[in-house]
Amino acid sequence: MSPAAPPPSLIQALRTETAELHVALEKRLPFFSEQLDLDLYRRLMAAYYGFYKPLEQRLHVLTLTPTGLDQSLRIKLPVLQADLTALGLDDHAIEALPTCRDLPQIDSRAAALGVSYVLEGATLGGQILRRRVAEQLGLDASSGAAFLNVYGELTGRRWKDFLQYLGDRNLGDAQTLEVTCAAKATFTHFEHWLDSQKVLL
């Protein structure tokens, strides 16, 4: 009788469990569509703001953000706000933007870790989107596309640090399930929110 295969690592579990949702959302984002113009991009960033604002606030208020990482370096909201300002919205208009009320449930550190996995992964993916937006719309970090390059030259390093952090977590099956469920819920809620804001293909 062969020995049982070892359980997948947390990183492997996250990649496997979220792959289908990740691909489905990527296909609907308009970054590589010919429809992408300045107005659609502005509405898209406003929709991102409407999701990130309550989500980051909930993570902060619940003090459930993963310990052992400098979370102050991973907050995206101020950069999104600066982009919207560069794109022509004043403070009043930004404050009046709709925000998502149907957020993924975050009731444990494991769940917060799953949410953080999606947010950090999106930051890594922003590198490709940044180049596309520069080519299509002529935008850079000073004119409304800083969010897509929020970590700048440190993007790769911070992603590796985050993966290292995940790899060091010694979670049981129940907690691993909490992490992956929260990550999947984050993708699902984000797609539903963007859909409601009419910025997806």
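Everything here concerns the structure above.
Rules and cut-offs
- Residues numbered from 1 in each chain as written.
- Predicted model: local features only at pLDDT ≥ 70, side-chain atom pairs only at ≥ 80, totals over all residues.
- Heavy atoms only, no water.
- Core = buried A, V, L, I, M, F, W, Y, C linked by side-chain atoms within 4.5 Å.
- Buried < 20%, exposed > 50% of the residue type's maximum accessible area, 1.4 Å probe, protein only.
- Helix = DSSP H or I, 4+ residues; strand = E, 2+ residues; numbered from the N terminus.
- Contact = heavy atoms within 4.5 Å.
- Salt bridge = Lys/Arg side-chain N within 4 Å of Asp/Glu carboxyl O.

1. Brief notes about the nonpolar core
And then number 1: In this structure, F31, Y41, M45, Y48, L166 and L194 are the most contacted members of the largest nonpolar core, which totals 58 residues.
And then number 2: Among the secondary structure elements, those contributing two or more residues to this core are α1 (10-28), α2 (38-61), α3 (77-86), α5 (109-137), α6 (155-168) and α7 (173-196).
And then number 3: A per-element tally of this core places α2 first, with 12 residues.
And then number 4: Ignoring any residue separated from it by four or fewer positions in sequence, one finds L194 in contact with L25, L29, A47, Y48, V199 and L200.

2. A closer look at the pattern of salt bridges
And then number 1: Evaluated as defined, the whole model comprises 9 salt bridges.
And then number 2: A salt bridge links D39 to R43; the shortest N-O distance between them is 3.4 Å. Here the residue D39 and the residue R43 both occupy positions in helix α2, the gap between them amounting to 4 residues, near one helical turn.
And then number 3: Looking at D39, the relative accessible area reads 39%, which means it is partly exposed.
And then number 4: Where E120 meets R74, a salt bridge forms, and the shortest distance between an N and an O atom there is 2.6 Å. You can see E120 sitting in helix α5 and its partner R74 sitting in the loop between α2 and α3, a full 46 residues away along the chain. In this pair, the class of E120 matches that of R74, namely buried.
And then number 5: One network of salt bridges, with partners in common, ties together R28, E191 and D195.

These figures capture arrangement, not role.
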